[in-house]
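Examination of the molecular architecture
Here's the letter readout for the chains.
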Amino acid sequence: SPRRPPRPAPPPCCTSAAQLEALAAMLMGVLGGHEGVAAALAGAWAAPTGEIAVAANQPYATWLAAVFGMLQHAAMSISAAGTSFETNKAATPTPLEVEANQTEHVTLQANNFLGLLTPLIVANRTRYFSDMWVRAASNMYSYAAAAASTVQAIPPLPPPPTTAAPMAGDPT
C-alpha cells in the first residue's frame, strides 16, 4: 500500500553480501595455502607415499573451491537483491506524495460546488490509482521477483570430506 511507510534501507543485506565475499576470500587464501603446501610436499617428498599424502588432501581442496564458488554466488545474489530494493524504493511513491494527493483530493471535493471541479477530481483520482498504485504494486512485484532467488542464495554447505582414514581404536 502506498500509505505504508517505506521499509528500512538494506544495509544488513549489503553487509551480509560483504561478509560472504570476505569469507570467500579467506577460503580462497586457505585454498592457496593448501595448494602451496601440496606443491612443496610433492617436490620434497617424491616417493609414492608423498604422492598419496598429496592426493589425500585433494578432496579437501576441491571442497574449498566448491564452497568458495557457492559463497561468491550467494554474495552476488544478495547484492543484486539489495540493489533492486534501493532502485524500487526510489521509484515507489513516498507517503508524502500520497498525502499530498489525498489532501488535494479532499480540498477539491470540499470545493466542488455545482460540479465545476469534477474534471480536476477525476484527474486527481487517475493520478492516484493509475500512477501511484500501479507504481507501488509494480515495484513491489519487481523487488519480490528479484529477491526470490536470494531466498535460496545460500544453500546448505556440504560437509568437508575426510582427509584421513580413522585409526584403529579411534572413537569415530
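Residues numbered from 1 in each chain as written. Predicted model: local features only at pLDDT ≥ 70, side-chain atom pairs only at ≥ 80, totals over all residues. Heavy atoms only, no water.

**Points about the overall build of the protein**
For clarity, the threshold we go by: By the criteria applied, helices consist of DSSP H or I runs no shorter than four residues and strands consist of E runs no shorter than two, each listed in order from the N terminus. Method for areas: the Shrake-Rupley scheme with a 1.4 Å probe, in which residue coverage is limited to the protein chains shown.
On a plain count of helices and strands, the protein comes out with four helices and zero strands. The linear arrangement of helices and strands in the protein, starting from the amino end, is α-α-α-α. Accessible surface computed for the protein: about 11000 Å², of which carbon and sulfur atoms make up 70%.

**What to know about helix 4 (residues 118-151)**
Spacing of three or four residues puts side chains on the same side of an α-helix, whose turn is 3.6 residues. We count it as follows: For a helix, the expected span equals 1.5 Å multiplied by the number of residues minus one. Throughout, bend refers to the angle between the axes fitted to the seven residues that end at a position and the seven residues that start at it. Classification of residues uses two cut-offs on accessible area relative to the type maximum, computed with a 1.4 Å probe and protein chains only: under 20% is buried, over 50% is exposed, and between them is partly exposed. Whether two residues are in contact is decided by their heavy atoms, any of which lying within 4.5 Å being enough.
Given a rise of 1.5 Å per residue, 34 residues ought to cover 50 Å, and the 47 Å separating the end C-alpha atoms of helix 4 matches this to within 8%. If you look at helix 4, its biggest bend is around 25 degrees, right at V134. By the burial criterion, the buried members of helix 4 are I121, N124, R125, Y128, M132, A136, N139, A147 and T150. Buried residues in helix 4 make contact with helix 2 (48-91) and helix 3 (95-110).

**Observations regarding the pattern of salt bridges**
Put simply, the test is: Salt bridge criterion: a side-chain nitrogen from Lys or Arg within 4 Å of a carboxyl oxygen from Asp or Glu.
In the structure shown here, the tally under the stated rule is three salt bridges. One salt-bridge network, held together by shared partners, links E97, D131 and R135.

**Here's the deal with the confidence of the model for the protein**
Just so we agree on the cut-off: Here pLDDT means the predictor's own confidence in every residue, given as a number from 0 to 100.
In the predicted model, the protein carries a mean pLDDT of 85, and the fraction of residues at 70 or more is 88%. Within the protein, the lowest mean pLDDT, 87, falls on helix 1 (residues 11-44), and the highest, 95, falls on helix 3.

**A short note on the packing of aromatic side chains**
Going by this rule: Two rings belonging to Phe, Tyr or Trp (six-membered ring only in the last case) form a pair when the distance between their centres is within 6.5 Å. Interplanar angles under 30 degrees mark stacking, angles over 60 mark edge-to-face geometry, and anything in between is tilted.
Here the structure, examined in full by the defined rule, presents four aromatic pairs. Seen in terms of ring centroids, Y128 and F129 are 4.9 Å apart; in terms of plane orientation they differ by 75 degrees. Their pairing is edge-to-face. Classification of Y128 by relative accessible area gives buried; the value is 6%. Pairing Y128 with W133 gives two aromatic rings, centres 6.2 Å apart and planes at 90 degrees, and the pair type is edge-to-face.

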